[in-house]
Every structure is written in C-alpha cells, then in structure tokens.
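Examination of the molecular architecture
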Protein chains: 2
Amino acid sequence: MKLVVVGGNAAGMSGAAKAKRRVPDMDVEVLEAGPDASYSSCGIPYLVEGLVPESDALRVLSPDALRKRGIDVRTQTRVVAMNPYTKEVVFEGPDGRDSIHYDRLLLAMGTRARNPFKNGQLPGVHTVRHLADGERLLAASKKWKTVGVVGGSYAGLEMATAFRARKAKVHLFARSRLLSDMDPDITDGLPDWLESAGIQVHLESKVKAFHGKDHVEAVQSSADVPVDGAVVAVGIEPATEFAVKAGVGSTKDGYLLVDDQMKTNLHDIWAAGDCVAAKHLLTSQPTPMPLALPANRMGRIAGDNIGASAATIPGPGAFYAGAVGTTVVRLYDLAFAKTGFSEHEAKREGFDVATSLVEAPTKAGYMPGARDMAVKMVADRDSGKLLGVQMACPESSALRINAAAVALQSGMKVARLAEVETAYAPPFSPVWDPILVAASECAKALRA
Amino acid sequence: MKLVVVGGNAAGMSGAAKAKRRVPDMDVEVLEAGPDASYSSCGIPYLVEGLVPESDALRVLSPDALRKRGIDVRTQTRVVAMNPYTKEVVFEGPDGRDSIHYDRLLLAMGTRARNPFKNGQLPGVHTVRHLADGERLLAASKKWKTVGVVGGSYAGLEMATAFRARKAKVHLFARSRLLSDMDPDITDGLPDWLESAGIQVHLESKVKAFHGKDHVEAVQSSADVPVDGAVVAVGIEPATEFAVKAGVGSTKDGYLLVDDQMKTNLHDIWAAGDCVAAKHLLTSQPTPMPLALPANRMGRIAGDNIGASAATIPGPGAFYAGAVGTTVVRLYDLAFAKTGFSEHEAKREGFDVATSLVEAPTKAGYMPGARDMAVKMVADRDSGKLLGVQMACPESSALRINAAAVALQSGMKVARLAEVETAYAPPFSPVWDPILVAASECAKALRA
C-alpha cells in the first residue's frame, strides 16, 4: 500500500506522519519541489530580522529524521502531471523526469508567491515563501541599506518591520490600505505608527516594475524610489495546475475542492493545506485559508482518513470542522489580531450585522504599563451570534483573540459572551476584560 | 422610591449605579461600614509592593463624585440590624445609632478576613481586606525587615511576593499546600520557585499564635519564627450576621442565598457579591465566589432587577448565568491561572473525570523567550464536556486561560476544543497552542 504525498511542508508532512502512525506498514513517499521539507515558513521574517540566528532553527525534521520514521522524502522533485486512472504521478527530479505509482494520493503543494511585476525576476527582487527563499534573501540583503517591501498584508508588514529592526531604511508599498482584510477603524492608525517607527509607508501606490542596474533596484511607484533590494509580498496562488488539469475539482482560482474529510472528487485522492479551499465554518463555503494551523490540521485529518481507508479494519474517520481565519501579527510591541469576519467581509458574505468598537485598558488602570486597546466586534443580527472580532493592542494582549475565537467557533451569542467570566488580576486585566466590554456594547447594538 | 444598599464596594456600587441609571429618580443611599467606598481591593498588594505609588490610585470614585451621580454614600456606617416587615435597617454611624427606611434593599456587605489566631489583634498583625487595611499595613510596614505571611492561597502569595519585592525577608506559612484549590501536579514546583525567589516557605505549618513585645512579633509555627510584622490571609467569612438573623436565607456558613435574579427569599430584598452563594454554572449549586468580576456582575444584575421592579413600566429582568471561578495570580514573571474545577474539586462534586497534563512551548520553539508551560485539563466522562483548566506559565501566557474559560462556559466538548482555530504567529504561540495540545490529550483520555 503506497501513499504518495505531493508537498513536504505543513499539510503534507502532517498527513504523511498521521497516515504512517495509523497504518505503520504503509509505504509513504513525499515529493517536495523545493530543497527542504518540514520547516516553518512563518519564521522567515524573524530569521531575516536576526532574532532567529540561523535557518536550521526553522527546520522541524530533516529528511534523514523523516526517513527514520519511515517517511521517504525526495526534495527538488517537482510533480508536473498526474493520471488518476493509472494512479501515477509524473515528476522532474534531480535525475530527470520519472513517474511513480500511488495507491493513495495526498495533494499538499501549497502555494507560490505572486510576482506580477515587470522585471520581478531581477536578482535584487525577492519573494519569500519557502525556506530557501528566506536563506537567499538573508544572504543577498546583508548590505542593503534601503529596502522596498511591496505588499501591505501580514507578510509585507512582517518583512518591513524585520528590515527596519536591522536599521535599514524601509519603503512599504501597499496597493490600497494596510491589513485590508481588517476594517479601517481598526487599522487606520497603523500607517502613522509604522512611520513613527521609521518605515516610510506608501499607500494606494501603483508599483508596476523594477529597474535594475547591477544589484541596485528601483521601484516604480508614483515616482521612482531607489532601493538596494526589494521584497514582493503581494499574495499567493495555489500550485495546483497539474492536479486541476487531471480533473481534481477546484475553484476558479485553482484551489482544490474537498469534502469534510479532505477527500477530493477523484478516487483515492485527498488534498489539504494552503492549496485547498475547505469549508468556512461561518458560511460553509469553500474558502482558501492559507494559515499554518488549518494547514497542519487539514493534513492530519487527510492522513487520518487515508489511514482509515487503507486499514484492514476501517476505523472512524476524521472530520474538518471548518476554519474561521484566526490571525495575529506583531509589529514591534503592537499586535493586530482577528478571528472570523471583519465588518466589510461579513457584509460581502451577505450577513446583516451589528458592530461595536471600544477602547478599553489592557490591565487595571492604576498598574504600571496599562494601555488602551481597541476591540471591534461584529455580530449577526439574525442569530445574535458572533461573526468576528478584530483587535489592535499591545503585544501582551494579543492572546485575548483566542477567547473570541473560541466563542465564535462555539456558536456563542454575543449577549452570552458579555456574561462570560474571564480571569481578573490587576497585572493582567481590568475587572471587565476588553472582550467583555466589546461584547456588551455589541449586544446593545443588536438590541437597537 | 428609596433603595438602600448595604456595602459600598464592587457589588454594592455596581448595583447602586445600575439601579440609578435604570430609574433616574430613584433615591439611592449606600451604607458602608469602612471609611471608603468604591475602591479596588485587588490592587492592595501592588500598593504594598510600591508598584502603585499611592492609595488614592485605587479609589475608583470618591463619595463626592458618587453624590454627583445621585448616589448618596455614608461611610463609617455599619448596619447592625434590619427588619424586613417594617422595611428598616438599623446602623451605627459617626453620629451614633439610627435607622433608615427602604423600599428596596440590596445586601452587598462582602466579607471580612478571618483571623483565628491567639493575639491576632496585636498591633503588628494585619489582615488585608479593605483599602484602609492596606493603608495601615503600608504605613506600619515601612521598617519591617522580616515579614511573616500566614496563608498559602492567592492573597497570601501576592502579599509574600509584594514584601519580597521590597527586599524584606519573607516567611510564608501555609496550613497544607500552596494554592490548594489547584491540583498538586500543577502547583508542586511552586514552593521551590518561591524559595529561589528568596521567600522562605513553611508548608503544613501550624501557626497558632503571635507573641508581641512592642512591635516585634513572632509567629508560633513548629518553632517560633521572629518577624517584625505579619499579614494574616487565611480566608474570609461573610459579613452577614444581621441579615441572617432577620431571616434572609443563607448557607450554613452564612452566605446569602439568591435566585438567578439575585433576589433573596425576602420581599424587596436582593443580595450580591462576595457575601452571596450564587449558582455555580457547572453544578447549579449555591457556591460562594468571592471574585471581583462576579461581584461586579451580580451587583449590576441586582441593580437592573431592582430598577425593573421599581419602574412604572417594568422592563425585562437580568439573569445570572452562574460563575465558574476563573482566576489568575502573578508571582514575579510566573502566573497560575484556573477556570472551573481542578481534578480534586470535580471529584468532590461527584463528576467522573478524565484529565490531561501537558507541557508545551509558549511560542514557536526557535523564538527567543520560548518557554514551556503546563496545562492540566479536566473533563466530564459522561458528557465529554470541559470541567476545568489549570495553567502554570510565564506571565505572558496567562491570558490563555480565557480561551479555556469561554470554552467551558459555552458547554464545549473537549474534543471540539481540540479542533478550535487559535491564533498563530511565532512570537505568540506554537502552531498548536498549549490549550489545543491539552484538549487533544484530554479527548484521548476520554476515549480511553
């Protein structure tokens, strides 16, 4: 019984490991296009910043360690085609083109960074998706004094602050707002905050091209901005062409469609991770959710179900509850966190919403270090249930988002959340936690 | 329409303010036994430590500010009797004994500190319950070089660390374990931790008396321990004698019984706060819950219902969902946090439990400052639902308890909690949050 896993990162490795644990005599082979498998791509900004001293720290398990666990990993091996009828995948590896037979297939190729700019392939222009990208960027950027970061979402902000922490002069270019999945009333202070930290922010900027001469680049914005190098972080796209071509069901953007057990429409083929559009908990609609925890979880569920399908005595399957999009990003000592939908996202999904926006202290007002934080809460007028929470807060308050995330995923009504008993001690919270204050105001808005 | 509130702190003032907001022409009078109303007693340890520079910072609203809001507060006014038939309370105030008529009565006297020791009234021996106690202690202790703290629960630990932070030599005496509401497997490292911070911990010590000569005291433990002064924090008891005598229903320990709307058994009389045994969410049993948030909340609910009972057009009442006991205490840069029941508490309540105990990193393992934290989870075998979570962790992880608190109060099954999508970014969490790891292990224990 052979399981072939395409993609050797979060979802792929979680799936491989889980299937192997469930059916120990399964033959598990992972084909990874890049030079590394099993690493933390989310750690790359901290590698670039210098907080993580070397890239090896981001490697979770080496190919050798994986082999010892009975999982064979072939890196530098890119799958280029598959045939669901003969059950074969075709790949290009270090020794040329070859093919391999599978009994079960897990598709977990993830995504690649978009780079739609003219001269985007110039040597000083980097995208950061894989560990090798991060290593290349780290090596190339050692002498950069001025850096252009294109992209105002999480990855762009993390890279901009990482370079700024290294004392580089940083230009951050965003096509519209920063963190545009969040609502403006939560993020509007962010550009000023970044400017005060020494990052030059260019909003609504139309970067189109890079101009290169030796290794000095210039970003074409409204005016050209000379930089020593640039990082492009303007989004991702699923690396699924060969699968879609072979008939795996997908969204129009190429994200693979799966059922609640991570099974695709094709026989013996599962898919998981960033390349998938799995069910959103709040809408039940297929929704790409390129986040590390959902990717690991989807992989694990796929592996569990692959194991169940291969076991002599089939056990119970595993089901995916659906993701909601819980995120947090640190910008120096500030954090922006979110779970579920922002107001504009909820409206786009057709919800009739009530909202609250509060400022509340992070701890008892008389304690040293007490600061204000902002919480925005979005609720569904029909059901009274929580749809989303956004926070802009000191770093030390960021974990508050998890209380909101649990409330949202339990289907809790906002009025009930306002009644929850949270932990209070003066160094940690005011008596009424900011989440409770926001819930109380949102419950009032629902009644209005 | 006259509302008399007995007790001018968390529950009493919340009730007074809420009733006044709901029925603005209500005549609201608060009788407070001590010299202060409306202050944060939880801030006293930080006042003693010196983190809060002066006691005025702990005063929330002055009697004058309250009067401006239409709430009359008489301090130094101790209620000594009440007559529910003539609707009168009798008090001893600055001008002697007098009585006052009420149309509605809110009993919110709180508790007083127990001090069962021989010579417990010596001038160098202090209890800390009211702000005036804290001020007296602060003034008296300025020259203390060696301090004895009797009591190993939250308050005792907070006072011991406060004095130690002031460089005093501290002896901490506990009758049994420290934080004995938590399970030993979470707290067992605590004595060593306190010793390493310079606090001498005397476990299973039988303090019986103080011996005084001038202001130098000695605690009689197994052996006498000479100290310059002592703090007694061995628990509290409800200050409800006059109410119980007048027929207000109570537990055998004197905590007042209320319904879900904070109404007592007597006509036009409500009760709220630390002096009450309200419904526990997990058992529906009357359970004292002397914590600031439940006290404020109960007061608010009582005030709301008092207002509703007095309004010309009665509106909807407010209901108390029940408390679970969510607590957190900081000991230097460590925190101990809890929601719901510990294992021994759950068993005492008759639950058949499954548990997990995990150590998990607080953030991505490669990030600077990543440390391990312990999470213990307790679940009900019958329902699969969460009964309690305990954590021993770095201070920066303490807010994780609120995610568990929300899960518990939503009636979430442990298996579902293991599937929740929490926030991940390397500075804040590993991919699998410690709460998820504990839930996953506890779900396994439930299946075993």
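Residues numbered from 1 in each chain as written. Chains lettered and ligands numbered in written order. Predicted model: local features only at pLDDT ≥ 70, side-chain atom pairs only at ≥ 80, totals over all residues. Heavy atoms only, no water.

**What to know about the overall build of chain A**
As a reminder, the rule being used: In this text, helices come from DSSP runs of H or I with a minimum length of four residues, and strands from runs of E with a minimum of two, each type numbered from the N-terminal end. Throughout, the radius of gyration refers to the C-alpha atoms, and the reference size of a globule is 2.2 Å times the residue count to the power 0.38. Burial here depends on accessible area, computed with a 1.4 Å probe over protein chains only, as a share of the maximum for the residue type. Under 20% is buried, over 50% is exposed, and the range in between is partly exposed. Note on areas: Shrake-Rupley, 1.4 Å probe, and residue coverage restricted to the protein chains presented here. In summary, the charge assignment counts Lys and Arg as positive and Asp and Glu as negative, without counting His or the chain termini. Here the site of a charge means atom NZ of a Lys, CZ of an Arg, CG of an Asp or CD of a Glu.
The number of helices and strands found in chain A is 13 helices and 26 strands. On C-alpha atoms alone, chain A measures out to a radius of gyration of 23 Å, which is about the 22 Å that the 2.2 N^0.38 rule sets for 448 residues. Overall, the C-alpha framework of chain A stretches about 65 × 60 × 35 Å when taken along its three principal axes. Relative to its full complement of 448 residues, chain A shows a buried share of 58%. When the accessible surface of chain A is split by element, carbon and sulfur atoms take 50% of a total near 17500 Å². When the 51 basic and 51 acidic side-chain charges of chain A are each reduced to a single mean position, those positions are 1 Å apart.

**Thoughts on the environment of Ala33 of chain B**
Residues and elements named next belong to chain B. Our working definition: Any two residues having at least one pair of non-hydrogen atoms within 4.5 Å are treated as being in contact.
Among the secondary structure elements, Ala33 is positioned in the loop between strand S2 (27–31) and helix H2 (44–49). For Ala33, a relative accessible area of 29% translates into the label partly exposed. Considered as a pair, Ala33 and Met109 are 76 residues apart in the sequence and their alpha carbons are 8.4 Å apart. Setting aside anything within four residues of it in sequence, one finds Ala33 in contact with Gln76, Thr77 and Arg78.

**As for helix H11 (residues 400–409) of chain A**
Each turn of an α-helix holds 3.6 residues, which means side chains three or four residues apart point in the same direction. Residue and element names in this part refer to chain A. Most of H11 sits out of view: ten of its ten residues are buried. What H11 keeps buried is the set Arg400, Ile401, Asn402, Ala403, Ala404, Ala405, Val406, Ala407, Leu408 and Gln409. Phi for Gly411, located one or two positions after H11, is positive at around 75 degrees.

**Re the packing of helix H1 (residues 10–22) of chain A against helix H9 (residues 292–310) of chain A**
Residues and elements named next belong to chain A. The cut-off we apply is this: Fitted lines through C-alpha atoms serve as axes, helices being fitted only where they are in contact, and the angles separating the N-to-C directions of these axes extend from 0 to 180 degrees. Note on convention: near helix rotated counterclockwise from far helix by under a right angle means a left-handed crossing. Clockwise means right-handed. For this classification, the nonpolar set comprises Ala, Val, Leu, Ile, Met, Phe, Trp, Tyr, Cys and Pro, the charged set comprises Asp, Glu, Lys and Arg, and every other residue, Gly included, is treated as polar.
The contact between H1 and H9 brings their axes to 7 Å, and the two run at 30 degrees. Crossing of H1 over H9 shows right-handed handedness. Every residue of H9 that contacts H1 at Ala10, Ala11, Ser14, Gly15, Lys18, Ala19 and Arg22 is listed here: Ala295, Asn296, Gly299, Arg300, Gly303, Asp304, Ile306, Gly307 and Ala308. Among the residues forming the contact of H1 with H9, the class breakdown is six nonpolar, six polar and four charged.

**Remarks on the sheet that holds strand S5 (residues 88–93) of chain A**
Residues and elements named next belong to chain A. Convention followed: In this description, strands pair whenever DSSP reports at least two bridges between them.
With respect to topology, three strands assemble into an open sheet ordered S4-S5-S6, the strand pairing being antiparallel. The sheet is open, and its two edges are formed by strand S4 (78–83) and strand S6 (96–101), each paired on a single side. Recorded for the sheet is a direction-independent mean angle of 25 degrees between the axes of neighbouring strands. Note that S5 and S6 share six bridges and pair antiparallel. Within S6, the position partnered with Val90 by the bridge is Ser99.

**Notes on the confidence of the model for chain A**
Spelled out, the test is: pLDDT: the predictor's confidence for each residue, scored from 0 to 100.
Scored by pLDDT, chain A comes out at a mean of 95, with 99% of its residues at no less than 70. Taken over the whole predicted complex, pTM reads 0.96, whereas the ipTM for its chain interfaces reads 0.96.

**Comments concerning the sheet that holds strand S19 (residues 269–271) of chain A**
Residues and elements named next belong to chain A. Pairing within the open sheet is parallel, and its five strands lie in the order S3-S2-S1-S7-S19. In this open sheet, the two edge strands, each paired with only one partner strand, are strand S3 (71–74) and S19. Along the sheet, successive strands turn relative to each other by an average axial angle of 20 degrees, direction set aside. Examined bridge by bridge, strand S2 (residues 27–31) and S3 share four bridges and lie parallel to one another.

**Section: the relation of the copies chain A and chain B**
Threshold: Here the copies were fitted onto each other by least squares, based on C-alpha atoms from residues at pLDDT of at least 70 in both.
Its rotation angle being 180 degrees, the transformation that places chain A on chain B also includes 0.0 Å of axial translation and leaves an RMSD of 0.0 Å. Viewed as a symmetry operation, the transformation between the two copies matches a two-fold axis. Relative to the rotation axis, the C-alpha of Ala403 of chain A is the closest in chain A, positioned 1.9 Å from it. When the interface residues of chain A are mapped onto chain B, 100% of them again fall at the interface, so both copies present the same face.

**Brief notes about the interface of chain A and chain B**
Put simply, the test is: Buried area is understood as the total, over both parts, of accessible area removed when two parts are fitted together, assessed with a 1.4 Å probe. The term salt bridge refers to a side-chain nitrogen of Lys or Arg lying within 4 Å of a carboxyl oxygen of Asp or Glu. Here a polar contact is taken to be a pair of N or O atoms separated by no more than 3.5 Å, where protein atoms must pair a possible hydrogen donor with a possible acceptor and residues adjacent in sequence count only if both atoms sit in side chains.
If you look at the interface, chain A gives 62 residues, while chain B gives 62 residues. In this assembly, chain A packs against chain B so that about 5300 Å² is buried in total across both faces, 66% of it on carbon and sulfur atoms. Joining chain A to chain B, the criterion identifies zero salt bridges. Viewed at the interface, chain B and chain A are joined by 22 residue pairs in polar contact (both at pLDDT 80 or more). Broken down by secondary-structure element, the contributors of at least two residues to the side of chain A that touches chain B are H9, strand S22 (326–331), H11 and helix H12 (414–417) of chain A. In terms of residue count, H11 of chain A provides more of the side of chain A that touches chain B than any other element does, eight residues in total. Taken together, the residues that form the side of chain A that touches chain B break down as 41 nonpolar, twelve polar and nine charged.

**Some thoughts on the state of the cysteines**
As a reminder, the rule being used: Cysteine sulfur atoms that come within 2.5 Å of each other are treated as a disulfide pair.
With the rule as written, the count across this model stands at zero disulfides over all chains. A disulfide-free cysteine, Cys442 of chain A has its sulfur positioned 18 Å from the sulfur of Cys393 of chain A, the nearest such atom.

**Examining the packing of aromatic side chains**
For the record, the criterion: The pairing test for Phe, Tyr and Trp rings, Trp by its six-membered ring, is centres within 6.5 Å, and the orientation test on the planes gives stacked under 30 degrees, edge-to-face over 60, and tilted for anything in between. We count a charge as sitting over a ring when the NZ of a lysine or the CZ of an arginine lies within 6 Å of the ring centre and within 35 degrees of the ring normal.
Enumeration over the complete set of coordinates arrives at six aromatic pairs over all chains. Relative to Phe163 of chain A, the ring of Trp144 of chain A has its centre 5.8 Å away and its plane inclined at 25 degrees; by these criteria the two rings are stacked. With Trp144 of chain A in the loop between helix H4 (131–140) and strand S10 (146–150) and Phe163 of chain A in helix H5 (residues 154–165), this residue pair connects regions lying 19 residues apart in the sequence. The residues Trp144 of chain A and Phe163 of chain A share a single accessibility class, namely buried. Where Phe117 of chain B meets Phe210 of chain B, the ring centres are 5.8 Å apart and the plane angle is 85 degrees; that geometry is what we call edge-to-face. Of the two residues, Phe117 of chain B sits in the loop between strand S8 (111–113) and strand S9 (125–127) while Phe210 of chain B sits in strand S13 (residues 210–213), which places them 93 residues apart along the sequence. Across this residue pair, the class does not change: Phe117 of chain B and Phe210 of chain B are buried. Positioned over the ring face of Trp270 of chain A is Lys263 of chain A, at 5.3 Å from the centre of the ring.

**Considerations on the environment of Arg136 of chain B**
Along the chain, the position of Arg136 of chain B falls in helix H4 (residues 131–140). One polar contact links Arg136 of chain B to Asp133 of chain B, side chain to side chain, over a distance of 2.7 Å.

**Describing the pattern of salt bridges**
All names here are of chain B. Following the criterion strictly, the structure yields 57 salt bridges over all chains and no others. Its salt-bridge partner being Arg348, residue Glu349 comes within 3.5 Å of it at the nearest N-O pair. For Glu349, a relative accessible area of 35% corresponds to the partly exposed category. Looking at Arg348, the relative accessible area reads 59%, which means it is exposed.

**Details of unusual backbone geometry**
Residues and elements named next belong to chain A. The phi dihedral of Lys87 is positive, around 60 degrees, even though this residue is not glycine. Of note, Lys87 is situated in the loop between S4 and S5. By relative accessible area, which is 17% here, Lys87 ends up buried. A positive phi is found at Met262, a non-glycine position, where the angle reads about 70 degrees. Within the secondary structure layout, Met262 lies in the loop between strand S18 (256–257) and S19.

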